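Structural overview
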Amino acid sequence: MKRRVPLSAKILSLALLNLLLLGVTLLGLAGVQLQNLSSLLLAPTRDRVLADARLLALELMETPVSFREQLLEKHTQARRVTYYLFDTHGIRVAGPQMLLPPIVHARVTQGSLAESFFVTTRNPTRYWVGVRIPIGSPDGADPLPGVLVLMSPSLFGNAYFLDLALVGLVLLLVVLVSVACWLPLVRGLTGGLSRVTCATERIAEGDFDVKVPSDRSDELGQLGAAVNRMAGRLAGFVKGQKRFLGDIAHELCSPIARVQFALGVLERSADETQLEQVRDVREEVEQMSTLVAELLSFSKAGMQPAGVQRIPVGVAETVRRAVLRESSPNATIEVLVDEELKVLADPDYLFRSIANLVRNSIRYAGESGPIRIFAEGDRQNVVITVADLGPGLPEDALEAVFAPFHRPEPARSRETGGVGLGLAIVKSCVEACKGTVRCRNQQPRGLAVEIRLAAAL
């Protein structure tokens, strides 16, 4: 299964990559502009290097020649860079023994040495800084020109090159500024998409009264308005369909009643050869009457769910009534429901839902084993489950089975079941009570239908 990456993580990663590329680009442009990195590296600390060099020059003027090595060693330990002192001919005056690399030696011995220089050598990598300072003469004569050389194997961890604390502070400030710029955008995008996602999930479950805030002036606002229009049109289509079915069923009630009355009269006057045919016609009419009654129930449950009055209803009592009405000698029904469990629902809708589930289980799995009805809940929700040991359903039919007139069997005969409205009525009744219903296959066999409703405290 492909791992899901949140949109916010993608956007923040893109922002960090953007900062990284921007930094690399700026460094590249600076290198091209300056031809080398000496000014870039020394600029933040140039004043400190020159100030320390002047102070060291004064100390060297006052320090006897025999103590210059100790003085440079003290500064080496304090600044975490190695100090060397050379004259303008490249001859070591003080500091550790060192053979200067040719490029550094050339910069030291240049007659036109600037106030400071920066040189990088390779194999091994070393960073060198040179500053011209006066060197006191042992005999008290005028000071001689000299060069103070600072060497470090790294740009980090010392007092002159790149200060880690300063670099960290700059990076932190850049990240904070970037977060301050990007976070409102990320939160706005992900928040808007989350609201649209929640709304579409509720629409998919049949709740068409959901509204997405559409006061934004960008594409998310347009998307929210489109979702609202879609929900409104879907609500109109669904209500129109149910109203149409209800109107047809209502109009069929009177003709069917007249046909049944006529069949009763005909049955009393028919002879033995005609009586069997009359009974066959009566059976067909009764089947039609059952279909019309279920159509009316389905239409009534789905027409005005917003007007349903939900009250605390005892689950155990409702289950007992449903089992009493639907029980069959060929089926065993086990009920395990706490007497204290109550849900917020319409009593008639809840009874009809459980009765339809019990009837379906008896019809399809009554002889396969006991049918179990149990319920469990907490302070928020109660789940009522009707489970059987029948053959179950194909995985792709677990959602479609709640559609009107849907049946898993290829043939629609009265021997294999009803007309395919039982679970559709259950879904309409449960959703009218602000609940949800779903099917799941059990292992090793069987089907369980779960009704989830709000708990009544």
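None of the values given here were measured: they were computed from a predicted structure.

Moving on, we come to the environment of Gln70. Tracing the backbone through its elements, the reader meets Gln70 in helix H4 (residues 68-79). What makes Gln70 exposed here is its relative accessible area of 54%. Measuring from C-alpha to C-alpha, the distance between Gln70 and Ala94 comes to 9.2 Å, with 24 residues separating the pair along the chain.

What follows covers unusual backbone geometry. Look at the link from Asn123 to Pro124: it is a cis peptide, with omega at 0°. Along the chain, Pro124 falls in the loop between strand E3 (116-121) and strand E4 (126-135). At the junction of Gln443 and Pro444, the peptide bond is cis and its omega measures out at 5° in the coordinates. Secondary-structure assignment places Pro444 in the loop between strand E11 (436-441) and strand E12 (447-454). Although it is not a glycine, Arg80 sits at a positive phi angle of roughly 60°. Within the secondary structure layout, Arg80 lies in the loop between H4 and strand E1 (82-87). Judged by its relative accessible area of 51%, Arg80 falls in the exposed class.

In spatial order, the strands read E2-E1-E5-E4-E3; together these five strands make up an open sheet with antiparallel pairing. The open sheet has two edge strands, strand E2 (92-94) and E3, and neither has a second partner. When the angles between neighbouring strand axes are averaged without regard to direction, this sheet yields 35°. Pairing geometry for E1 and strand E5 (residues 144-152), over six bridges, is antiparallel. Along E5, the bridge assignment pairs Tyr84 with Val149. Strands E1, E2, E4 and E5 of the sheet are contacted by H4, whose axis makes an angle of about 140° with E1. Contacting E1, E3, E4 and E5, helix H5 (residues 102-109) runs over the sheet at an angle of about 170° to E3.

According to the stated counting rule, one finds one cavity of 30 Å³ or more in the structure shown. Taken together, Gly192, Arg195, Val196, Val212, Pro213, Arg216 and Leu220 make up the lining of the largest cavity. For the lining of the largest cavity, the element with the highest residue contribution is helix H6 (residues 164-204), accounting for three residues. Tallied by class, the residues present in the lining of the largest cavity amount to four nonpolar, one polar and two charged.

Calculation rules
Residues numbered from 1 in each chain as written. Predicted model: local features only at pLDDT ≥ 70, side-chain atom pairs only at ≥ 80, totals over all residues. Heavy atoms only, no water. Helix = DSSP H or I, 4+ residues; strand = E, 2+ residues; numbered from the N terminus. Buried < 20%, exposed > 50% of the residue type's maximum accessible area, 1.4 Å probe, protein only. Pairing = 2+ DSSP bridges. Axes fitted to C-alpha atoms, helices over the stretch in contact; angles between N-to-C directions. Contact = heavy atoms within 4.5 Å. 1 Å grid on protein atoms, 1.4 Å probe; cavity = no way out; pocket = protein on both sides within 12 Å on 5 of 7 lines; lining within 4 Å. Points joined across faces, edges and corners; volume = space filled by probe spheres on them. Nonpolar A, V, L, I, M, F, W, Y, C, P; charged D, E, K, R; others polar.

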